[in-house]
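# Structural features, examined
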Amino acid sequence: MLDIRLLRDNPDDVKTRLRHRGGDSWTLVDPVLECDEQRRSGETDRQRLQGERNRLSKDIGGLRSRGEDSSALETEVRGIGDRIKEIGEQADAADIRQRDLLMRIPNLPHEGCPVGADETANPVVRVWGEKPVFDGFAPQDHVALGQSLKLFDFEAGVRISASGFLVFTGAGARLQRALIQFLLDLHTTRHGYREVYTPFIVNRDCMEGTGQLPKFEDDMYGLEDNAFFLAPTAEVPVTNLYRDALLGPGDFPVKLTAYTPCFRREAGSAGRESRGMIRMHQFDKVELVNIVAPEDSFAQLEILTAEAETVLQLLGLHYRTIELCTGDIGFSSAKTYDIEVWAPGHGGYLEVSSCSCFGDYQARRMKLRYKDADGKNRFCHTLNGSGTALPRLYVALLETCQQADGSIRLPEVLHDYLKAKEILPDGTLR
RNA sequence: GGAGAGGUGGCAGAGUGGUCGAUUGCAGCGGUCUUGAAAACCGCCAGGCCGAAAGGUCUCGUGGGUUCGAAUCCCACCCUCUCCGCCA
């Protein structure tokens, strides 16, 4: 949520920056300011009347204690009470409408964010490694590899659930588990994260706090008449651990990591890059969440991104890091880097991590504050990044590590986790 | 699911219709003392909104209600704890 004072003081600047995102969110600025105007004038009137009522009520108390008649005053105060109610209802209605509109306005892109209309304008900021060369054979894609090695089963996923769900089997399931373990170990032991394990079902307050609601309700799996939702990302439960919190300056940086499944309807994604496990309704992810002081947040984004990149480096997977332009950045984000891993069989880069700094946008929505050195309460800044998403990491790993005979030579960092160095052509581990 | 108890400031914990936005303790901040620290003592210390400020106003789990006036009384809901039931 944006600071209403920002809109009051620089409405044109806010509109310009919202326009850079594309869409029509900038058209909400004027209606918000209208509500703000109504709210404040109603509030002023209400407060004046409340003051009057408070004074007269005290007088009544005085009269009564002296045994004098107070009925005339009581009638007057009753009338004031009625007007307070009437004016108050109008002010409250404006307040609710203002908040509702404000919750639908996305964050302002950071000043340094490249201006552009869509993903074609995203600059590449880093490239690590090179596309692997396959000697004497054409690399298979993960669907073919998974089938021949019996690592996962899409039809079983459909039978149990529906399209968009899959079952990992045998060595495939063990590889999945090994990757999760590897990722959590990396972030906890090497990057200083505290691991948390959260519920996968979250309430509306959480979804509003991190910015999935009210705008993206159709993309979420709702339960109990949409009072609860399956978490679309660990960002929601993990960041909301600190909803309504008041931190001290010594609490920073808060660094949390969590493994969770993620549930997304992917409404409107039909036909988009979705072969195999590239876009699922349920997928696993290890998430990184940071809570920091405002002055540190954008520097922290660089660190967070580097931590996510470490995953791919240790696995020996070629990737590139891009910065999202204003037209491609997420709703709550001020600045985002995407990490895209190379998938040789697929023949393209796949987004495995999105690392974002939200400024105080989420903190304001969820009342996440800290007491600064002067004892003043200020909103924290929040960040998160995938560290990383599992399915596409899995795809890139299989496709990069495949051998001419159809086996998979596992990266060294996984050997201990799997008690094996390769997946043989028959799907067994050795 | 049933019965009971309870939800008050960063934390703990008073307060049952009228200077209570709230006693007190701890933590925190400032100061005295000290070479320094500790201890002791003194002072400050909830948040939101309106306002240039002075100040005003709202908030005691949430939402309604009663009343001239509600942290305090009534109703509903949410949550926590204890006991019972059920259960991985």
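Residues take numbers from 1 onward in each chain, read along the sequence in its written order. Working convention: letters from A go to chains and numbers from 1 go to ligands, in the order in which they are written. This being a predicted model, a pLDDT of at least 70 is required before a residue's local features are given, and a value of 80 or more before pairs of side-chain atoms are given or counted; all residues contribute to the totals for chains, interfaces and linings. The side-chain figures draw on all heavy atoms in the structure; neither hydrogens nor water molecules are used.

### Quick notes on the overall build of chain A
Each helix is a run of H or I in the DSSP string that is no shorter than four residues. Each strand is a run of E no shorter than two, and both are numbered from the N terminus. Counting secondary structure elements, chain A contains 13 helices and 18 strands. Along the first, second and third principal axes, the C-alpha atoms of chain A reach 105 × 45 × 40 Å. Exposure classes here rest on a 1.4 Å probe applied to the protein chains alone. A residue is buried below 20% of its type maximum, exposed above 50%, and partly exposed in between. Per-residue burial over chain A gives 52% buried out of 430 residues. Across chain A, every contact between residues at least 6 apart in sequence was considered, and the portion connecting residues at least 24 apart equals 72%. Entry remark: accessible area of chain A is about 20200 Å², with carbon and sulfur atoms responsible for 47%. Between two residues, a contact is recorded if the distance between any of their heavy atoms is within 4.5 Å. What sets the accessible areas is the Shrake-Rupley method with a 1.4 Å probe; for residues, cover comes only from the shown protein chains.

### Here we look at the sheet that holds strand β5 (residues 201–203)
Strand order in the open sheet formed by three strands is β5-β7-β6, and the pairing between neighbours is antiparallel. Two strands lie at the open edges of the sheet, namely β5 and β6 (222–223), each paired on one side alone. Whether two strands pair depends on DSSP finding at least two bridges between them. The pairing of β5 with strand β7 (residues 228–230) spans three bridges and is classified as antiparallel. Within the sheet, the bridge partner assigned to N203 lies in β7 and is F228.

### Some details on helix α2 (residues 11–19)
It helps to recall that an α-helix has 3.6 residues per turn; residues three or four apart then point in one direction. If you check which residues of α2 are buried, you get V14, K15, R17 and L18. Burial along α2 is one-sided: seen end-on, the buried residues are contained in an arc of 165°. The arc in question is the one traced by the directions running from the helix axis out to the C-beta atoms.

### A look at the side chain of S407
With respect to the helices and strands, the residue S407 is situated in the loop between α12 (390–401) and β17 (408–409). Residue classification places S407 among the buried residues on the basis of a relative accessible area of 3%. The term polar contact refers here to a pair of N or O atoms within 3.5 Å; inside protein, the definition further demands a hydrogen-donor-capable atom paired with an acceptor-capable atom, and it admits residues adjacent in sequence only when both atoms are side-chain atoms. Here D405 takes part through its side chain, which lies 2.7 Å from a polar atom of the side chain of S407. Leaving out residues up to four positions away in the same chain, S407 has contacts with C401, Q402, E422, I423, L424 and P425.

### A short note on the environment of D244
Structurally, D244 can be placed in the loop between α9 (235–239) and β8 (246–247). Sequence-wise, D244 and D284 are 40 residues apart; in three dimensions their C-alpha atoms are separated by 28 Å. When sequence neighbours within four positions are dropped, the list of residues in contact with D244 reads M366, K367 and L368.

### Quick notes on the pattern of salt bridges
A side chain with one charge may pair with a side chain of the opposite charge, provided their charged atoms come close. In the sections that follow, a salt bridge refers to a side-chain nitrogen of Lys or Arg positioned within 4 Å of a carboxyl oxygen of Asp or Glu. Considering all chains together, one arrives at 23 salt bridges under this definition. We note a salt bridge from R364 to D360, for which the minimum N-O separation is 2.7 Å. Each of the salt bridges in this network shares a partner with another, and the network as a whole consists of R8, D36, E37, R39, R40 and D95.

### A word on the protein's contact with RNA strand B
Here a residue counts as near a molecule or strand whenever at least one of its heavy atoms sits within 4 Å of it. The full set close to RNA strand B counts 20 residues, and R39, Q47, Q50, R64 and V77 are the nearest of them. In the interface set of RNA strand B, defined as its atoms within 4 Å of the protein, sugar plus phosphate atoms amount to 76%. A distance of 3.3 Å separates a sugar or linking oxygen of RNA strand B from a polar atom in the side chain of R369. Within the residue set of the surface near RNA strand B, elements represented by two or more residues are α3 (29–65), α4 (71–103) and β14 (369–371). Taken together, the residues of the surface near RNA strand B sort by class into three nonpolar, seven polar and ten charged. Residues are grouped as follows: Ala, Val, Leu, Ile, Met, Phe, Trp, Tyr, Cys and Pro are nonpolar; Asp, Glu, Lys and Arg are charged; all remaining types, including Gly, are polar.

### Side note on α12
Here, expected helix span is obtained from the residue count minus one, scaled by 1.5 Å. Helix length check: α12, at twelve residues, gives a terminal C-alpha distance of 16 Å against a target of 16 Å (1.5 Å per residue), a fit within 8%. Where burial is concerned, most of α12 is hidden: twelve out of the twelve residues are buried. Looking at α12, one finds that the buried residues are L390, P391, R392, L393, Y394, V395, A396, L397, L398, E399, T400 and C401.

### Here we look at the confidence of the model for chain A
Caution applies to low-pLDDT regions: their predicted coordinates should not be interpreted in detail. What pLDDT conveys is the predictor's confidence in a given residue, as a value from 0 to 100. Across chain A, the average pLDDT comes to 91, with 99% of residues at or above 70. Listed scores for the predicted complex are pTM 0.91 and ipTM 0.80.

### A closer look at the packing of aromatic side chains
For any pair of aromatic rings, geometry is given as the distance between the ring centres together with the angle between the planes. Two aromatic rings from Phe, Tyr or Trp, using only the six-membered ring of Trp, form a pair when their centres are within 6.5 Å; if the ring planes differ by under 30 degrees the pair is stacked, by over 60 it is edge-to-face, and anything between is tilted. Taken as a whole and judged by the stated rule, the model has twelve aromatic pairs. A centroid spacing of 6.1 Å and a plane angle of 80° characterise the contact between F152 and F168, whose relative ring orientation is edge-to-face. Residue F152 is located in strand β2 (residues 152–153), and its partner F168 is located in strand β3 (residues 167–168); the two are separated by 16 residues in the primary sequence. Taking relative accessible area as the criterion, F168 reaches 21% and is therefore assigned partly exposed. One aromatic cluster in this structure is built from F152, F154, F168 and Y394. Working rule: Lys NZ or Arg CZ, within 6 Å of ring centre, within 35 degrees of ring normal, means a charge sits over the ring. One cation-aromatic arrangement involves R19 over W26; the distance from NZ or CZ to the ring centre is 3.7 Å. Seen from the ring of W342, K131 lies directly overhead, with NZ or CZ sitting 4.4 Å from the centre.

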